[in-house]
Amino acid sequence: MNFLRGVMGGPSAGPQPSGAETIQKLCDRVASSTLLDDRRDAVRALKSLSKKYRLEVGIHAMEHLIHVLQTDRSDSEIIGYALDTLYNVISNDLEEEEQDDSEEENLPKQVDDLGSQFTEIFIKQQENVTLLLTLVEEFDFHVRWPGVKLLTSLLKQQGPQVQQIILVSPMGVSRLMDLLADSREVIRNDGVLLLQQLTKSNAAIQKIVAFENAFERLLDIITEEGNSDGGIVVEDCLLLLQNLLKNNNSNQNFFKEGSYIQRMKPWFEVGDDNCGWSAQKVTNLHLMLQLVRVLVSPTNPPGATSSCQKAMFHCGLLQQLCTILMATGVPADILTETINTVSEVIRGCQMNQDYFASVNAPSNPPRPAIVVLLMSMVNERQPFVLRCAVLYCFQCFLYKNQKGQGEIVSTLLPSTIDATGNSVSAGQLLCGGLFSTDSLSNWCAAVALAHALQENATLKEQLLRVQLATSIGNPPVSLLQQCTNILSQGSKVQTRVGLLMLLCTWLSNCSIAVTHFLHNPANVPFLTGQIAENLGEEEQLVQGLCALLLGISIYYNDNSLENYRKEKLKQLIEKRIGRENFIEKLGFISKHELYSRAAQKPQPSFSSPDHMMFDHEFTKLVKELEGVISKAIYKSSEEDKKEEEVKKTLEQHDNIVTHYKKVIREQDQELEELKQRINTLTSQNEQLQATVTQQVSQIQQHKDQYNLLKVQLGKDTQHHNSHGDTFQMNGIQMEEVSKLKEELEEWKNKHDLLQGQLREKDSVTEKLKSSQLEMGTTEQSSQTSKSGGLEHNNELQKELEMLRSQIQLQSAEISKLQIENQKLQVMNTTADPVLGDSGATAANNAELERRLEQEIKELKSEIKALSEEKESLKQQLDSSSSTVAILQDEKSKLQQEVAESKKEQDDLLVLLADQDQKLSALKIKLKDLGVPVEDEDDIESGDQGDEDEDGDEEEQD
């Protein structure tokens, strides 16, 4: 133990051993000692030397330390020392030490190399990383915390390799997720740092971490720490959330579906007093805004971005951001990032754009937020980044928002300008910026106005009506004329580039605007003069844009001006410039470095105001028009004539095709309506068939009951005959008469029952008749219900015949009863001498005769009523038969109409097929001539757009 005392600082005699020797002895001690205490002391000594003698400890002790981790897991203290030693060897965190200047210069590179080399040695055996993952699971603080730090350092040094090892390790990522649930904040916070390194640039691990409930845990930590008022832990959690969500569509969708967007709203709740924001709060809020932008970035799939935008509106997040936007005392960088965030939340989402248009600034009088932002954009005293953010916000507000574009342009039109001048409109601010002395304001206003005209031919035509008052006493000039006047005056390059981009956007795809532009005789000579000159590199960009503008004037020229027809303009280019020189100047635009930067993303991001030259949407326009203008310049007059003829023919065919498509749509709508009616009538028919089936079963039951009554009636007749014989033989007249009375009463009850059943059948027949009349009013249902109605009517006729026969049988039986009654009276007369002249018996017989006669009369009246009911039922059947005949006639007519409709539709389809073949042949010819041809769906959408634009123009006029 003497050498340990020397290492630990105890007194020793003789020469002191060097650091390398001491480390070697300690390594031997770790490898050979059998006592755990000796090994623990040796590892502790290695830990104390590992910072000063990092290279020596790493070379000699790493293998022994790994062995300790494998064999001495039962002792947490020695495991902790071993992990700390490995961390000191692998980590690049430097302690403050006194070193020479020359050493300090070379040290960082050497340190980086050492950490990377030792990490590579450690992870060469994948079992070492797996062992480390197992140790991180230990709850002991002295084991878990050093294990987390060591694993984080490994990921910093060799991230992709360590990520792959953890990914293939069973439950590797899940083990690390438990660190977020640790109650000890030190381990939890370092666990967040570990997951930051683990999730960098690895989509597979990002998905696993997200589905291990990382979002829930991280948002809980942010809430516990105080949201934006929290410390650096909130910053670390936000950085981890960005790693999980950025460029990961699966995690973004999971974040939205889990309703985590709603939990972001409290982050942006700021008070009225916004003074004295701490640096950490600014950092936290900046990261929170960036996290919102990750979810609605224009580079995300459109569907995912749109759903996140709608969720942010419904949960009130957009409203909260607009509150920060209009608040006072907000730091400039937070305000700039908030503007950029609001821009992407509303970009392309009509609902959010409409809300943003309704936001007012808390001023007196209240002004729209758009107007307040535009005032900042055209104010040269505002910071450059803030002006860029406002321009981006305005562009996003107008992106795919024809309603917003119309509102902006309407503030420039004469009929909507505020005559009192009390309020400043967006159009007035844009015009003021367009003609100010600040070139950056000129450029921003020109680009903003170009976005108000983007892909909207109606507004391009309406903007031609705008008149500007230049000075007192002079007549007003149009906005188009004023732009060309300023362009010809030779202002700064940035101003001219902005105006040329505005004019190119304005004239593209608008023949009327081209005619107005060419109507000024000074414009074409100015453009040709600019293109023909040999100027410096700074002016080459202006020359390219002038060539583009002249090419647009040729390509979209409708030849309405005789002096500026397409052919004459081409001849002018050939004489004054030369075709090759014109194409070369046109190519200056796409070859420019600033053009390539602007084409990368929609947000304008420039290092300095001098670099603001191109707009992202304008680069798309250049890419679209550069090729077609080049082809148009080389086309001859004959080719132009052929192209015009083909275009006219195509327009005619397009009109025919559009007409037939409209006819087919109408027929499809009619077919859909008929199908719905058929479905409705089919369901009604099924209900009626079910009712008929039920009534047929009831009739069958009535038949069975009738047969039973008939059998019982036969038995009763025999019984009466036998009783008559007995009465005649034995002379017991009173008993037989009472039995006969009871039987008559029973027969009367049965007759009443039959009469009630007949009434029920009567009502059922009435219901069937009404339902059949209703079905007769619908054309389609008659096809499915006529056959069923005929069958049911036949069944009813059969049942009526049976009822008639039953009534006849009942009448016969009643006549038999009358005969029996007469026989009984005769028997009474013959039995009087035998029984004696009893007064009581005679009285009883007389009473019985009266009752029998009365009951017989009642029975006859009931039979008569039944016969009348039978006649009425027969009349109903006859009317039902006539209804069925009418339905059959209607069915035949409907079938004939359907056949005629099918024949007419087949003829239309044949004609449409012929027109499509002709159209395809003409399109092939056009493509051979080099003319761009749109698809049918694009033509149809364009036609629809033209109709909508015409409607808007009529409303505004």
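Since this is a predicted model, take the numbers as computed values, not measurements.

Trainee: Which parts of the structure should I look at to understand the overall build of the protein?
Mentor: A tally of helices and strands in the protein yields 41 helices and four strands. Burial status across the protein gives 46% buried among its 957 residues. A separation of at least 24 residues holds for 74% of the contacts in the protein among residues at least 6 apart in sequence. Here the protein has roughly 48500 Å² of accessible surface; of this, 50% comes from carbon and sulfur atoms.

Trainee: Before we go on, may I ask you to explain helix H25 (residues 439–452) in this structure?
Mentor: Note: α-helices contain 3.6 residues per turn, so residues at a spacing of three or four share the same orientation. Between the first and last C-alpha of H25 there are 20 Å, a value that for 14 residues agrees with the 20 Å anticipated at 1.5 Å per step. Burial of H25 is extensive: 14 of the 14 residues sit out of reach of the surface.

Trainee: Got a minute to help me understand the side chain of Thr336 in this structure?
Mentor: Summarising the element assignment, Thr336 is placed in helix H19 (residues 332–346). Sequence-distant contacts of Thr336, defined by excluding residues within four places in its chain, comprise Val385, Leu386 and Ala389.

Trainee: Explain the packing of aromatic side chains to me, please; I cannot follow it from the model alone.
Mentor: Any aromatic ring pair is given by two values, namely how distant the centres are and how the planes are angled relative to each other. Going through the model one piece at a time under the given rule, you end up with 13 aromatic pairs. On the basis of an interplanar angle of 85° and a centroid distance of 5.0 Å, the ring pair of Phe215 and Phe255 is categorised as edge-to-face. With a gap of 40 residues between them, Phe215 in helix H13 (residues 214–224) and Phe255 in helix H15 (residues 249–257) connect regions that are remote in the sequence. For the residue pair Phe215 and Phe255, the accessibility class agrees, reading buried in each case. Geometrically, the ring pair formed by Tyr555 and Tyr556 is edge-to-face, given 4.9 Å between the ring centres and 85° between the ring planes. As far as burial versus exposure is concerned, Tyr555 and Tyr556 are alike and both buried. Cation over ring: Lys149 sits above Tyr87, and NZ or CZ is 5.1 Å from the ring centre. The ring of Tyr399 has Arg347 sitting right over it, with the charged end atom 3.9 Å from the ring centre.

Trainee: For this particular structure, what's the right way to read the environment of Leu289?
Mentor: With respect to the secondary-structure elements, Leu289 resides in helix H16 (residues 279–295). Its relative accessible area of 0% is what places Leu289 among the buried residues. C-alpha separation for the pair Leu289 and Asn340, spaced 51 residues apart in sequence, amounts to 8.9 Å. Residues in contact with Leu289, not counting those within four places in the same chain, are Phe268, Leu321, Ile334, Glu337, Thr338 and Thr341.

Trainee: Please explain the confidence of the model for the protein as it appears in this structure.
Mentor: Regions with low pLDDT carry predicted coordinates that are not meant to be interpreted in detail. Looking at the protein as a whole, its pLDDT mean stands at 81, while 78% of the residues score no less than 70. Across residues 1–14 the pLDDT falls below 50, and counting only partners more than four positions away or on other chains, this stretch makes eleven contacts in the model.

Trainee: It is not clear to me how the packing of H19 against helix H22 (residues 384–398) should be interpreted in this structure. Could you clarify?
Mentor: Helix-helix packing is characterised by the crossing angle of the two axes and by the distance between the axes. Closest axis-to-axis distance for the H19/H22 pair is 8 Å, and the angle between their directions is 15°. In terms of orientation, H19 and H22 fall into the roughly parallel class. The two elements H19 and H22 cross, and the hand of that crossing is left-handed. For the pair formed by H19 and H22, the contact residues are Leu335, Thr336, Ile339, Asn340, Ser343, Glu344 and Ile346 on the first element and Val385, Leu386, Ala389, Val390, Tyr392, Cys393, Cys396 and Phe397 on the second. Class assignment for the residues of the contact of H19 with H22 results in eleven nonpolar, three polar and one charged.

What counts, and where the lines are drawn
Residues numbered from 1 in each chain as written. Predicted model: local features only at pLDDT ≥ 70, side-chain atom pairs only at ≥ 80, totals over all residues. Heavy atoms only, no water. Helix = DSSP H or I, 4+ residues; strand = E, 2+ residues; numbered from the N terminus. Buried < 20%, exposed > 50% of the residue type's maximum accessible area, 1.4 Å probe, protein only. Contact = heavy atoms within 4.5 Å. Areas by Shrake-Rupley, 256 points an atom, 1.4 Å probe, with all protein chains shown as cover. Expected span 1.5 Å × (residues − 1). Phe/Tyr/Trp six-rings, centres within 6.5 Å; stacked < 30°, edge-to-face > 60°. Lys NZ or Arg CZ within 6 Å of the ring centre and 35° of its normal. pLDDT = per-residue confidence, 0-100. Axes fitted to C-alpha atoms, helices over the stretch in contact; angles between N-to-C directions. Parallel < 35°, antiparallel > 145°, perpendicular 65-115°, else oblique. Left-handed = near helix turned anticlockwise from the far one by under 90°. Nonpolar A, V, L, I, M, F, W, Y, C, P; charged D, E, K, R; others polar.

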